[in-house]
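# Fold and geometry: a report
Chain by chain, the residues:
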Amino acid sequence: MNISELIKKKLESNQTVLTEFESKNLLKEIGIPIPEQELAISKEETVSIAKRIGFPVVLKLMAEDIVHKSDSGAVKLNIKNEEETTKAYDELMKIPSQNEKSISVQKMASEPITELIIGMTTDAQFGPALMFGIGGILVELLEDVSFRIAPITEYDAREQIHEIKGFPILDGYRGKPKADIDAIVNVLLKISDLVTEHEEINEMDLNPVFIYEKGLICVDARIILKKPEKKD
Ligand code: ADP
Ligand code: MG
């Protein structure tokens, strides 16, 4: 299914929030790397998908009313074998939810140089604004983020990355390897294109994106569509 069709289908069923699974599939469509992922609805299926993807895997409980997954205990990281898979599955299924539950089985991504946050919010006056920051306390406590109004150029993207105070963390701080800045530029440009082409998108949150010396991978994402204006 292409992106326009996916957005149309969601809005027709009166839904504006894409699940993590749907959001990451959409990112994959536009060439942003994500860990291999598949949905399961039973214990047997969870185990067989985990084995096919290959350990270590991550299990996450997907349900409409679970938004901050780790706060609800809905993320089980670094599952190394079949026994741990069934144990994690049982624990996830005990988490209360009013909605339909499924399990997202995904490949465990390796330790990054740092986590990034890349997002988009719609400004009432200026339209889509792209946000960039380094994850964790830098974003939460210090609000060390930079913004640009879309569409952006490659120059804008590079400037946006360089202007955060935490930039040295990406530039080989304390002997750590230098992060792949080109890969970040690429993601910012792809999101800029996406939101320029699809005005139905109201909000995007890639949190976190794992950045490496070579490449990056988005391990969690949330896309929210605009409520369609009522036609009389
Ligand atoms: P939340 O809804 O709480 O934001 P996330 O899906 O972001 O849940 O998972 C919480 C944390 O677990 C992430 O910030 C990341 O550090 C880690 N994580 C999530 N998915 C993966 C993955 N596939 N591989 C490695 N680490 C992951
Ligand atoms: Mg997250």
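Residues numbered from 1 in each chain as written. Chains lettered and ligands numbered in written order. Predicted model: local features only at pLDDT ≥ 70, side-chain atom pairs only at ≥ 80, totals over all residues. Heavy atoms only, no water.

### Examining the site of ligand 1
As a reminder of what qualifies: We define proximity as follows: a residue is near a molecule or strand when any one of its heavy atoms falls within 4 Å of that partner. Think of a polar contact as two N or O atoms within 3.5 Å of one another; within protein, one of them needs to be a possible hydrogen donor and the other a possible acceptor, and neighboring residues in sequence only count if both atoms come from side chains. Values of accessible area rely on a 1.4 Å probe in the Shrake-Rupley scheme; residue burial ignores everything except the protein chains shown. Cavities and pockets are found on a 1 Å grid laid over the protein atoms alone: a cavity is a set of points where a 1.4 Å probe fits but cannot escape, a pocket is an open set with protein on both sides within 12 Å along at least five of seven lines, and a lining residue has an atom within 4 Å of such a point. Whether a molecule sits in a cavity or pocket is decided by its atoms, more than half of which must lie within 2 Å of the grid points. Counting from the N terminus, the helices are DSSP H or I runs at least four residues long and the strands are E runs at least two residues long.
Every one of the 20 residues lining ligand 1 counts as a neighbour, but Lys60, Ser70, Ala109, Glu115 and Asp220 are closest to it. Between ligand 1 and Ser70, the relevant distance is 2.3 Å, taken from an oxygen atom to a side-chain nitrogen or oxygen of the residue. A distance of 2.9 Å separates an oxygen atom of ligand 1 from a polar side-chain atom of Asp220. When the free accessible area of ligand 1 is taken as 540 Å², the share hidden by the protein chains comes to 84%. When each cavity is represented as a set of grid points, ligand 1 is found to reside in the largest pocket. At the level of secondary structure, the elements contributing two or more residues to the shell around ligand 1 comprise β3 (57-62), β4 (75-79), β5 (102-107) and β9 (201-211).

### Some details on the domain arrangement of the protein
Heads up, the rule is: Note that the domain bounds were set by an automatic or database domain assignment. Using a 1.4 Å probe, buried area is obtained as the accessible area two parts lose upon being combined, added over both of them. In what follows, salt bridge is the name for a side-chain nitrogen of Lys or Arg lying within 4 Å of a carboxyl oxygen of Asp or Glu.
For the protein, the domain assignment lists domain 1 (4-17 + 111-225) and domain 2 (36-107). Between the C-alpha centres of domain 1 and domain 2 there is a distance of 26 Å. Interface area for domain 1 against domain 2, summed over the two sides, is near 260 Å², with a carbon-plus-sulfur share of 27%. Among the residues of domain 1 in contact with domain 2, Val219, Asp220 and Arg222 are the three that bury the most area, contributing 82% of the side total. Seen at the junction of domain 1 and domain 2, the total is 1 salt bridge.

### Let's talk about the coordination of the magnesium ion (ligand 2)
Operational definition: Only N, O and S atoms count as donors, using a 2.8 Å cut-off from the metal and 3.2 Å for Na, K and Ca, and because water is excluded some sites may appear unfinished. Partly exposed residues are those whose accessible area sits between 20% and 50% of the maximum for their type, while under 20% is buried and over 50% is exposed, using a 1.4 Å probe and protein chains only.
The coordination sphere of the magnesium ion (ligand 2) contains the protein donors Asn207 (O) and Asp220 (OD), at a distance range of 2.1 to 2.3 Å. Of this pair, Asn207 sits in strand β9 while Asp220 is found in the loop between β10 (216-218) and β11 (221-225), placing the two residues 13 residues apart along the sequence. When its relative accessible area of 29% is taken as the criterion, Asn207 is described as partly exposed.

### Remarks on a nonpolar patch on the surface
Cut-off, in case you're wondering: Patch rule: a residue counts if its relative accessible area is over 30% and it has no salt bridge; like charges are joined within 9 Å, and nonpolar side chains (Val, Leu, Ile, Met, Phe, Trp, Tyr) within 5 Å.
Together, Ile137, Leu141 and Leu142 make up an exposed nonpolar region whose accessible area comes to about 350 Å². Mapped onto the elements, Ile137 comes out in helix α5 (residues 137-140). Accessibility expressed as a relative area gives 57% for Ile137, which makes it exposed.

### Topic: the layout of surface pockets
For clarity, the threshold we go by: Grid points are joined across faces, edges and corners, and a volume is the space filled by probe spheres set on the points. Classes in brief: Ala, Val, Leu, Ile, Met, Phe, Trp, Tyr, Cys and Pro nonpolar; Asp, Glu, Lys and Arg charged; the others, Gly included, polar.
In this structure, the largest pocket encloses a volume near 1,300 Å³. Elements that contribute at least two residues to the lining of the largest pocket include exactly β1 (17-18), α2 (20-29), β3, β4, β5, β9 and β11. The class makeup of the residues in the lining of the largest pocket is 21 nonpolar, 10 polar and 15 charged. A domain-level breakdown of the lining of the largest pocket finds at least three residues from each of domain 1 (4-17 + 111-225) and domain 2 (36-107). Empty space within the second largest pocket amounts to approximately 170 Å³. As for the second largest pocket, its lining consists of Glu115, Ile117, Gly135, Gly136, Val139, Glu140, Asn207 and Pro208. For the lining of the second largest pocket, the secondary structure elements donating two or more residues are β6 (114-123), α5 and β9.

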